[in-house]
Each structure stands twice: as structure tokens, then as C-alpha cells.
Amino acid sequence: MKIKDLIEKLQKFDPEQSIACYSEDEELRAGDSPVQIFEVLNVSEVEAESSRLDDGAGKPWLKFGKSANASKFVLIEITSDA
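Because the structure is predicted, anything quoted here is derived from the model rather than measured.

A.B. asks: Can you lay out the pattern of salt bridges for me, pointing to particular residues and giving the numbers?
C.D. replies: Scanning the model with the defined rule gives one salt bridge in all. The shortest N-O distance in the salt bridge between Glu27 and Lys59 comes to 2.5 Å. Highlighted residues: Glu27 in the loop between strand S1 (20-23) and strand S2 (36-52) and Lys59 in the loop between S2 and strand S3 (60-64), separated in sequence by 32 residues. Take Glu27: its relative accessible area is 62%, and that puts it in the exposed class.

Right under this line is the structure:
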């Protein structure tokens, strides 16, 4: 998702409303709950190379730091300790 897409979606809501993230990913869920809820802590910009891990699942990965193949990314820091 691009920043402009996220802004467009968020503008439909009350700006005073709280935000929570969630995942249905079985590896992230706590116990038997159907979803894992996350609280947003921070938003920042970094330079990193994007790739996919060679783990059979091809999970997305970022290698932080400047390099010839690096791009800027906006990161949303979350925690499950809400």
C-alpha cells in the first residue's frame, strides 16, 4: 500500500478515533484467539532493501541501511502489548 492510499482510506474516519492493527496470521496470534491486535506506537522513514526470505514461504524482509539497491520506506511501529 502507498501512503496516498492509506491517507485516502483514513480520511473517511473521525481524526480523533484510535487506531489498532490486526492480523489473522496463525504465527502471530496469541493462543486460540482468531486475531492478534496491535497498537500503533510510531511512524518513521528508513532506507532499506526489500526482498523475500528464502524460507519456503517467501516472507517479505527489509535489510536496513543505505546501498545501491535501497529505497525509502515508511515504517509503522506496532506492539501487541496494548
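Structure's up, so let's keep going.
A.B. asks: How would you sum up the side chain of Thr79? Please name residues and give values.
C.D. replies: Tracing the backbone through its elements, the reader meets Thr79 in strand S4 (residues 71-79). Among the polar contacts made by the side chain of Thr79, one reaches the main-chain amide nitrogen of Asp81 at a distance of 3.1 Å. Among all residues touching Thr79, those that are not within four sequence positions of it are Ile37, Phe38, Glu39 and Leu41.

About the criteria used
Residues numbered from 1 in each chain as written. Predicted model: local features only at pLDDT ≥ 70, side-chain atom pairs only at ≥ 80, totals over all residues. Heavy atoms only, no water. Salt bridge = Lys/Arg side-chain N within 4 Å of Asp/Glu carboxyl O. Helix = DSSP H or I, 4+ residues; strand = E, 2+ residues; numbered from the N terminus. Buried < 20%, exposed > 50% of the residue type's maximum accessible area, 1.4 Å probe, protein only. Polar contact = N/O pair within 3.5 Å; in protein donor to acceptor, adjacent residues only side chain to side chain. Contact = heavy atoms within 4.5 Å.

Keep in mind these numbers describe shape, not what the thing actually does.
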